[in-house]
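# Survey of secondary and tertiary structure
Given next are the chains, with one letter for each unit.
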Amino acid sequence: MSDTDDNLDTLSKQFVSAYKFLNKHPNINISNDVKLQLYGAYKVATIGACNTPRPSLLDFRGRAKWDAWNELGGISKEAAMNIYIEKVEAENVGWNKNSVDEDGSEVNDGDDEKEKSYSAPQDRWTYVSTLSYENEDDLIGDDIFAHVKQGEYNEVSKILDSGEVDINAKDDQGLSPLHWACDRGHLEIVKLLIERGANVNLLTSEDETPLHYACLSENIECARYLYRNNVDISIKDADGLTAFEHCGDEFKQLIIQD
Amino acid sequence: MDDQIYDGESESSPAEKLRAKQEKKNLRKAQKKAAKNSSSSAPVMSPAAKQAELQEKVRILVNQLAIREAMQPSSTGNSQRVKDMSSHKFWSTQPVPKHGETIEEEGPIEENTPHDQIRKEPYTLPKEFEWSTLELNDESELNELYTLLTNNYVEDDDAMFRFDYSGEFLKWALQPPGYKKTWHVGVRVSATKRLVAFVSGIPADIRIYNSRQHLVEINFLCVHKKLRSKRLAPVLIKEITRRSHLEGIFQAVYTAGVVLPRPISKARYFHRSLNPKKLIDTKFSSLPSNTPMTRHVKKYKLPSETSTPGIRPMLEKDVPAVRVLLNKYMSKFNFVAVFKTDEDVKHWILTKENVIWSYVVENPDTKKVTDFFSFYYLPSSVIGNPNHKTVNAVYLFYYAVQESDEKARKSRLQFLLKDALILAKLKDVDVFNCLDILENKMFIDELKFGPGDGYLNYYMYNWRCREMGSEDVGVVML
């Protein structure tokens, strides 16, 4: 066997081992970004350059996955495997390329103590169960709503400067940018939107004002700011409740006190 | 469940399936062979010799089979990892069923050891340690146990949450009627007398399929983090087994998150948010980036008052009625706790403030108790969060309803458990937890419980029986 073949052989063993490791431990906490990069590298390593049409706009997940694949362009399979291996290693989840033995499987010397170096929950004797991560629709675009949600003041400001958006427009869930800013507790963006003329009493599809959003999501500073900017506190939502009726007296006192 | 985003496909290759099948076949062959060998061996044999022979056989069996990964024969289809059997050095010496073993007959795996052949002295500890039976009525020893568990029971360092068992909780869990002090087994550093490991047993009555047993429930196995390499856990298990044998008990029940040889059943945790914002702030749960917090909060809002007519806190006078109700309800499951005396119910079910809460429904006309439910309080401390120290959690404990028609029972349970959520919320509880055992699947979705990342495997020691789905399980362990 030539040197190159040998190297390739080692590389693909490492790649297969890394991939198997991740699939064996589905609960390992890896960010969506890295997951997508891994997906792209896997596709190139096993299939080659992206060769399918881009999924429709509404298929967020499919589109994000396709983008991750396509982004790698025409790099070689070997390069893609290397990317995959390095990314898995960098995540520090208990796999590294040195743990691949001659047969291409993970080294397991049967010592329980060593196996505790990673912490997939199901391998621990006792642990506190928490809610499984719901990652439905977890990918967001780059419009004004996305930047408001993520608290990106400068981006929001830039979009408003461009004059190309209606500041009171609602997204597909019936929320305006001001609702989102109150929901996520981004006070500076709340101020910015109101200064630029956002309607402070705009209603969602369920008749909730931005104050409802600030109160229900317990963002007290946003609620105080709205309260001092002439919001109508008598508006009832679809449940028949005002914002203050939703949040309880204690919270209300904190909002209205000086 | 997580999308298979790493590769876009989840099926194992045909070659892998074939290999797994072949391994299973080999395993069965070897088992048959082992069985044959044992029947041809000398008919008169001391139990100790028999056990030694059995252990040797197991060792040979394990060596013969290069099983890299035993496939879990469970019907749940979850890809939970089953550890390489050869890495279960300790368990392969214990009377527990093997992964992949076909169970044809129920019963003990090894015979009861006659009393005069049970080892009289405790097992040998590494030289720097000594055994110490804990006296939990002594406040300072109770505190030592509390400290050990708080800091070491959840074993990994990067955990975000730790169980925060209170002293009262531990007394409730470890001192039921008929408890044996000698089953509160501690290990101390000889030089400093510091408590560094613990395991407990409590007497319990259970029914598994048609077999009623008085046995020991093993729990709170804990070794100090710094001493994990000393291999104390196997010695603790052997020692509590020895102490059970001395009391004439040869079967045990225990649960663990980890898969060992071999689970009777596997249950999953479910969680119902009562304080959704706090749960998100502490990362107990997560908010998808396109979901407004406001809608999330609204989704979990509850009425401020219960709605079942006649619901009230359980009182001591309700104990006999609750016992009858509970044992009757439990008769439909295959693996259950049996409440033999009113004393048991009084201890386990009756409200103890900040430990367990129980409620009954009294028919306003007949004044008879028709239903009850209970939940216990076990908070978790939050590690490294500037705003929150504790997540207040309750866990659904035992309950019973009378309704025999399945549809009516389902709607009754939904009503009752909704009231349970409301009552917990009024106690400032942040999350209501349960397993998918008993008839909990009848309300989990409707009452907005979400699946957890935690599983709980149920085990029996020295008892061989068929596996069962979690909906056949009626044992709640703490």
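Rules and cut-offs
Residues numbered from 1 in each chain as written. Chains lettered and ligands numbered in written order. Predicted model: local features only at pLDDT ≥ 70, side-chain atom pairs only at ≥ 80, totals over all residues. Heavy atoms only, no water. Helix = DSSP H or I, 4+ residues; strand = E, 2+ residues; numbered from the N terminus. Expected span 1.5 Å × (residues − 1). Contact = heavy atoms within 4.5 Å. Core = buried A, V, L, I, M, F, W, Y, C linked by side-chain atoms within 4.5 Å. Buried < 20%, exposed > 50% of the residue type's maximum accessible area, 1.4 Å probe, protein only. Domains from an automatic or database assignment. Pairing = 2+ DSSP bridges. Right-handed = clockwise from strand over helix to strand, strands pointing away. Axes fitted to C-alpha atoms, helices over the stretch in contact; angles between N-to-C directions. Parallel < 35°, antiparallel > 145°, perpendicular 65-115°, else oblique. Left-handed = near helix turned anticlockwise from the far one by under 90°. Nonpolar A, V, L, I, M, F, W, Y, C, P; charged D, E, K, R; others polar. Salt bridge = Lys/Arg side-chain N within 4 Å of Asp/Glu carboxyl O. UniProt positions renumbered as here; feature names shortened; annotations may be inferred.

## Let's talk about helix α3 (residues 60-71) of chain A
All names here are of chain A.
- With twelve residues, α3 extends 16 Å from end C-alpha to end C-alpha; this agrees with the ideal 16 Å at 1.5 Å per step.
- Where the residues of α3 are buried, they touch α2 (32-46).
- Positive phi appears at Gly 73, one or two residues downstream of α3, with a value of about 55 degrees.

## Notes on the nonpolar core
All names here are of chain B.
- Phe 335, Ile 349, Tyr 398 and Phe 432 are the most contacted members of the largest nonpolar core, which has 140 residues in total.
- Shared between two domains, this core takes at least three residues from each, and those domains are domain 2 (84-251) and domain 3 (265-474).
- Excluding residues that lie within four positions of it along the chain, Phe 432 makes contacts with Phe 270, His 271, Arg 272, Leu 274, Phe 375, Val 394, Leu 396, Leu 417, Ala 420, Leu 421, Ala 424 and Phe 449.

## Observations regarding the pairing of strand β6 (residues 252-256) of chain B
Residue and element names in this part refer to chain B.
- Burial runs high along β6: five of the five residues are buried.
- Residues Ala 252, Tyr 254 and Ala 256 line one face of β6 and the alternating positions Val 253 and Thr 255 line the opposite face, and both faces are buried.
- Pairing between strand β5 (residues 211-223) and β6: two bridges, direction parallel. Residue Glu 217 lies in a different strand from β6, and its bridge partner there is Val 253.
- After leaving β5, the chain enters helix α5 (residues 232-246) and then returns to the sheet as β6, a path that is right-handed.
- Judged from the five bridges that link them, β6 and strand β16 (residues 450-461) form a sheet pairing that is antiparallel. When the bridges of β16 are listed, Thr 255 appears paired with Tyr 458.

## Thoughts on the sheet that holds strand β12 (residues 380-382) of chain B
Residue and element names in this part refer to chain B.
- Taken together, three strands build an open sheet; the order of strands is β2-β12-β13 and the sheet is antiparallel. The two strands at the open ends of the sheet, each matched to only one other strand, are β2 (161-163) and β13 (390-391).
- Both β12 and β13 contribute to a ladder of two bridges, which runs antiparallel. For Ser 381, the partnering residue across the bridge sits in β13 and is Thr 390.

## Comments concerning helix α10 (residues 406-426) of chain B
Residues and elements named next belong to chain B.
- Here α10 spans 30 Å end to end across 21 residues, near enough to the 30 Å set by a 1.5 Å rise per residue.
- Turning to α10, its buried residues are Arg 409, Leu 413, Leu 416, Leu 417, Asp 419, Ala 420, Leu 421, Ile 422, Leu 423 and Ala 424.
- Two residues or fewer past α10, Asp 428 is found with a positive phi of approximately 65 degrees.

## Overview of the packing of helix α9 (residues 187-195) of chain A against helix α11 (residues 220-227) of chain A
Residues and elements named next belong to chain A.
- Interhelical geometry of α9 versus α11 gives an angle of 25 degrees and a closest axis separation of 9 Å. The orientation of α9 with respect to α11, classified from their angle, is roughly parallel. The hand of the α9/α11 crossing is right-handed. Here Leu 187, Val 190, Lys 191, Ile 194 and Glu 195 of α9 lie close against α11, whose contacting residues are Glu 221, Cys 222, Tyr 225 and Leu 226.
- When its residues are assigned to classes, the contact of α9 with α11 shows six nonpolar, no polar and three charged.

## Examining unusual backbone geometry
- Going from Pro 261 of chain B to Arg 262 of chain B, the amide bond is cis rather than trans, its omega being -15 degrees.
- Within the element layout of this structure, Arg 262 of chain B appears in the loop between β6 and β7 (265-273).
- We note that Asp 207 of chain A has phi near 60 degrees; this positive angle belongs to a residue other than glycine.

## Observations regarding the pattern of salt bridges
- For the structure shown, the criterion picks out 28 salt bridges over all chains.
- Notably, a salt bridge pairs Glu 135 of chain B with Lys 181 of chain B, separated by 3.4 Å at the nearest N-O pair. You can see Glu 135 of chain B sitting in the loop between β1 (129-133) and α3 (139-152) and its partner Lys 181 of chain B sitting in the loop between α4 (167-174) and β3 (184-189), a full 46 residues away along the chain.
- A relative accessible area of 23% places Glu 135 of chain B in the partly exposed class.
- Residue classification places Lys 181 of chain B among the partly exposed positions, given a relative accessible area of 39%.
- Ionic pairing is found between Asp 371 of chain B and Arg 412 of chain B, a salt bridge with its closest N-O pair at 2.7 Å. Of this pair, Asp 371 of chain B sits in strand β11 (residues 369-377) while Arg 412 of chain B is found in helix α10, placing the two residues 41 residues apart along the sequence.
- When salt bridges that share partners are traced, they join Glu 208, Asp 237 and Asp 239 of chain A together with Lys 298 of chain B into one network.

## Points about the UniProt feature "repeat: ANK" (unreviewed entry) in chain A
Residue and element names in this part refer to chain A.
- Mapped onto the present numbering, the UniProt feature "repeat: ANK" (unreviewed entry) falls on residues 173-205 and 206-238.
- Its end C-alpha atoms 8 Å apart, residues 173-205 is made of 52% helix and 0% strand.
- What you have in residues 206-238 is 45% helix and 0% strand, and the ends, taken at the C-alpha atoms, are 5 Å apart.

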